[in-house]
Amino acid sequence: MVKARLPAPPTPLIGRDKELGDVVQRVADPACRLLTLLGPGGIGKTRLALQAAIEGEAQFAEGACFVDLQPLESANFLPVAIADALELPLSGQQEPETQLKNYLRGREMLLVLDNFEHLLPAGVNVIGRILAGAPDVTLLVTSREALNLREEWLYPLGGLPFPTNDREKDAGDYGAVQLFTERAHRVQPDFSLDEERRAVVRICRLVEGMPLALELAASWMRVLNCAAIADQIQEDVAFLTSSVRNVPDKHRSMQAVFDHSWRLLSEGEQDAYKRLSVFRGGFTLKAAEAVAGASLPVLSTLANKSLLRPGEDGRYYLHELLRQYAEERLGQSAAEAAQVRRLHCDYYVDLLSRHGEDFKGGRQQEAVARIERDRENVRAAWQRAVKQKRVPAMRKALYPFAYFAEFKGRYAEIVGALERALTGLEEVPAGRERDRALAEVLVLLGWSYIRVGRHGKAQAVLERGRAIYQQLEAAPPDVLATDPLLGLAILAIIAGDYERALSLAEEGLRLSEERGDAHNQQLAFYALSSATLAQGKYERARRYARQAYDVTQETGNEWFRAYVLNELGQVAQALGQYDQARQHFEASYAIKESFNDPEGQGVALNHMGAVAWRQRDLEKAGELYRRSVAIYREISDRGGLATALNGLGNTALARGDLTSARRRLRQALDIAADIHYVPLILSVLAAVGELLLRAGKTRRGVELLTLVEGHPAGEEETKERARRCLEWAGETPERPDQQPPEGPADLIARCQTVLDEVAALKLPDEDEREREEGDRFISPPGQRLAEPLTERELEVLQHIAQGLTNQEVADELVISVGTVKWYTSQIYGKLDVGNRTAAVARARELGLLR
């Protein structure tokens, strides 16, 4: 089922039937990858693009998505804005643009990018790379300027049709008159076109049918009749007529509308209106009062004059064109502009600060929801604080801003924000407050680097932050994950150095207890539990996890409690207490689901899949791991994806499906080696060792399993599995005491050799599969095709029916995206259809789908 990603139309589309048909036809043309609706501001590009997306989305397997670009201040945030509209959390170690392209690759989708002009020229490069990397995506862009790309098709949009002098009697048949009449009725219920026909036609001519100008003109009906409105516009048009040749006439007419709207405001309303231009993405009454000095009566007046739009959510919104006009007015006084921007920054820094305690525990979900509504304003405030190097403001906003991004899974975004903050702080003269801010940013950046798999950078910034705290003889704030010792402990666990992890975590626990810092205590207990669990000290690990759980009860940190529940579940699982383990994992999943935290849900699903695998409920295990794979692919979290793929590989091994097992294990090992996650590498190698034994490659399998069983970085459960496999093979591992274990670099280098070896491996079940998957045709009852579908075509069709993208089908079947497209074209031809939706419907009619 296609996910709805289009906003509800705010008003009926009037007078654009021909243009609508043209645009829908063009975006449905496979040759048209990029269509730009070109025209001046206020011409109606946005409304037409939205309606075209609504009517044309059925042509795309995954529908259409509308991306409002007006809040963006820079093209740097274009990939993030598109990801937000797609509800794609950014995480992992890749840049936001890379993650976005990976997500879009193979998806048949229409993306509407609205209000693009202010992102030129830098934004064009992003568009070009999306077109190159996502061949099934079509872009519908609205802009005042052409993008000037080779792939671009232009559709210039003019004003609505209006009557000439000899057609005034038929004025009601023209789109411009229809739009003005509809808007006039909203403010003047007894408006009569028959009585005002001549003046209405004159207005339509003066603004050349420009929709926004007509709407603004109609809003004046509260205070002026149509003749007076036309007189005022006529006066302004004459006054603003420019001799500059390359200024479009429509811009002159639109400027007249704006200038006239401006003069109708009182001095106080003008001051409020231009100050409101500082907001991004809407604002509340309270914010308007604090930042712009705009009272409710003033906002109501501006709304009545169509200069401000009240939303159903109780917030107010400025059309970007109107906001830019107001911003130009504000910019006429540099001092006033600086003052308003500072007030805006202070207001949203205070908003973040007020929710700081909520993020510690108790009201975490409420804090996330509140800040999400002002996401664009919060971003702008943080950027201003960093740009202006306002250290107190940065410290005030730092933790709630970072935790908001963490809770929403926007890891790549927060890494970029913290890196810019670090650069800014390094340019500020040293001093105690600057140094404290520097240490705090460094530690948070270290945790963020861990999230995206940049472990070397994480180590460096955490060590630097630790050194600054020691130099200042200061303690980190009592907020979760502010102690650099605990970040270093987690890095040691990732590297498989469990003794170092224990030492760091014990020191972190001692210091947090001394200063009464419960928030870092819970993290210290968690790290201790994780390290002792890996060592096979299960009762001690359970004790630490229970202590961590008790502290989360004290702090009220429900979000972190979900991770602690996973630790308790893993201990129970290691001890064979599977029902108890499942209960812990399900409780963790429920918490993360309530937060709408996909990363946390994926973690819990992986653990639940492991329980099902151990209990040999292989169907359930496969289902859970596949759900996890889908989540991690969606959010681009490579560590979680590798874990889930490893689980699918183990599940296939248990079923005896060696071909599927090889595919999944190769994918998992490739990712684990790339992010240098040593314990995970060893876990996958243990599974590969078993695969080799089952494939008859006993010597090589024993070699790998012996390596895993004796490696100090391996988790105890991984080593135990290696021992069982060696016993099954009748082998006893022999490791000379003087031979040191492979270091991380050697282990990672070995992974490439293993990947190549497994790829070339001939498996016992392949010959049979190849015979089954030949050119055999299947003609089930009810199939009436001149040329029946092959089994492989049916398999591809089945995946299409499940909603998988071309890339996901390729991943599932271990074939290229191009091959998937070839099979899809064959399916379309045999079923006599033109798109995925029709293919699935036809297949259901014929009974071809399971």
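The rules behind these values
- Residues numbered from 1 in each chain as written.
- Predicted model: local features only at pLDDT ≥ 70, side-chain atom pairs only at ≥ 80, totals over all residues.
- Heavy atoms only, no water.
- Helix = DSSP H or I, 4+ residues; strand = E, 2+ residues; numbered from the N terminus.
- Rg over C-alpha atoms; globule rule 2.2 N^0.38 Å.
- Buried < 20%, exposed > 50% of the residue type's maximum accessible area, 1.4 Å probe, protein only.
- Contact = heavy atoms within 4.5 Å.
- Areas by Shrake-Rupley, 256 points an atom, 1.4 Å probe, with all protein chains shown as cover.
- Polar contact = N/O pair within 3.5 Å; in protein donor to acceptor, adjacent residues only side chain to side chain.
- Expected span 1.5 Å × (residues − 1).
- Phe/Tyr/Trp six-rings, centres within 6.5 Å; stacked < 30°, edge-to-face > 60°.
- Pairing = 2+ DSSP bridges.
- Axes fitted to C-alpha atoms, helices over the stretch in contact; angles between N-to-C directions.
- pLDDT = per-residue confidence, 0-100.
- Salt bridge = Lys/Arg side-chain N within 4 Å of Asp/Glu carboxyl O.

### Thoughts on the overall build of the chain
Secondary structure assignment for the chain yields 41 helices and seven strands. Against the globule reference of 29 Å for 850 residues, the chain gives a C-alpha radius of gyration of 31 Å, in line with a compact fold. Here the C-alpha coordinates of the chain stretch approximately 100 × 80 × 45 Å along the principal axes. Expressed as a percentage of the 850 residues in the chain, the buried residues total 59%. Put simply, of all contacts in the chain between residues at least 6 apart along the chain, 70% involve residues at least 24 apart. By element, 47% of the accessible surface of the chain is carried by carbon and sulfur atoms, the whole surface being about 35200 Å².

### So, the environment of Ile 494
Topologically, Ile 494 is positioned in helix H23 (residues 484–494). For the pair Ile 494 and Ile 450, spaced 44 residues apart in the sequence, the C-alpha separation amounts to 9.4 Å. Setting aside residues up to four positions removed in sequence, Ile 494 forms contacts with Ile 450, His 455, His 676, Tyr 677, Val 678 and Pro 679.

### Focus on the environment of Ser 74
Residue placement: Ser 74 occurs in the loop between strand E2 (64–68) and helix H3 (78–85). For the pair Ser 74 and Gly 123, spaced 49 residues apart in sequence, the C-alpha separation works out to 8.4 Å. A distance of 3.0 Å separates the side chain of Ser 74 from the backbone nitrogen of Asn 76, its partner in a polar contact.

### Overview of helix H24 (residues 498–514)
Helix length check: H24 (17 residues) gives 24 Å between terminal C-alpha atoms against 24 Å at 1.5 Å per residue, within 8%. If you check which residues of H24 are buried, you get Tyr 498, Ala 501, Leu 502, Leu 504, Ala 505, Gly 508, Leu 509 and Ser 512. As for H24, its buried residues are in contact with helix H22 (455–472), H23, helix H25 (518–534) and helix H33 (678–694).

### What about the packing of aromatic side chains?
Per the stated rule, a full pass over the model turns up 13 aromatic pairs. With a centroid separation of 4.9 Å and 20° between ring planes, the pair formed by Trp 382 and Phe 401 is classed as stacked. In this pair, Trp 382 sits in helix H18 (residues 375–387) while Phe 401 sits in helix H19 (residues 391–407), placing the two residues 19 residues apart along the sequence. Here Trp 382 matches Phe 401 in class, with each residue buried. Measuring from centroid to centroid gives 5.6 Å for Tyr 526 and Phe 560, while their planes differ by 65°, and the two rings are edge-to-face. Placement of the pair is Tyr 526 in helix H25 and Phe 560 in helix H27 (residues 558–574), with a sequence separation of 34 residues. Its relative accessible area of 19% is what places Tyr 526 among the buried residues. Judged by its relative accessible area of 5%, Phe 560 is buried. Among the aromatic residues, those joined into a ring-pair cluster are Phe 359, Phe 407, Tyr 526, Trp 559, Phe 560, Tyr 563 and Phe 595.

### A closer look at the sheet that holds strand E5 (residues 152–156)
The strand order E2-E3-E4-E1-E5 describes an open sheet built from five strands, whose pairing is parallel. Either end of the sheet is taken by a strand with one partner, and the two such strands are E2 and E5. For this sheet, the mean angle separating the axes of adjacent strands, direction not counted, is 20°. Bridge count between strand E1 (residues 34–38) and E5: five bridges; the pairing is parallel. In the strand pairing of E5, Leu 35 is matched with Trp 153. Across the sheet, helix H1 (residues 17–28) touches E1, strand E3 (109–114), strand E4 (137–143) and E5, and the angle it forms with E5 is around 175°.

### Some points on the side chain of Asp 597
By the element assignment, Asp 597 lies in the loop between helix H28 (578–594) and helix H29 (598–614). There is a polar contact of 3.1 Å between the side chain of Asp 597 and the backbone nitrogen of Glu 599. Look past the residues within four positions of Asp 597 in its chain and what remains in contact with it is Phe 407, Trp 559, Tyr 563 and Lys 592.

### Side note on the environment of Arg 721
Residue position: Arg 721 is located in helix H35 (residues 716–728). Classification of Arg 721 as buried rests on a relative accessible area of 8%. For the pair Arg 721 and Leu 462, spaced 259 residues apart in sequence, the C-alpha separation works out to 35 Å. Discounting chain neighbours no more than four positions away, the residues touching Arg 721 are Trp 613, Asn 650, Leu 653, Ala 686, Ala 687 and Glu 690.

### Describing the confidence of the model for the chain
Looking at the chain as a whole, its pLDDT mean stands at 86, while 90% of the residues score no less than 70. Confidence drops under a pLDDT of 50 for residues 767–783, and excluding neighbours within four residues, the segment shows 26 contacts in the predicted structure.

### Description of the pattern of salt bridges
A complete count under the given rule lists 62 salt bridges for this structure. Among the salt bridges present, the one from Glu 440 reaches Arg 395, with a minimum N-O distance of 2.8 Å. Separated by 45 residues along the polypeptide, Glu 440 in helix H21 (residues 432–451) and Arg 395 in helix H19 bring together distant segments of the chain. The structure contains a network of salt bridges with shared partners spanning Asp 84, Glu 372, Arg 375, Glu 376, Arg 379, Arg 410 and Glu 413.

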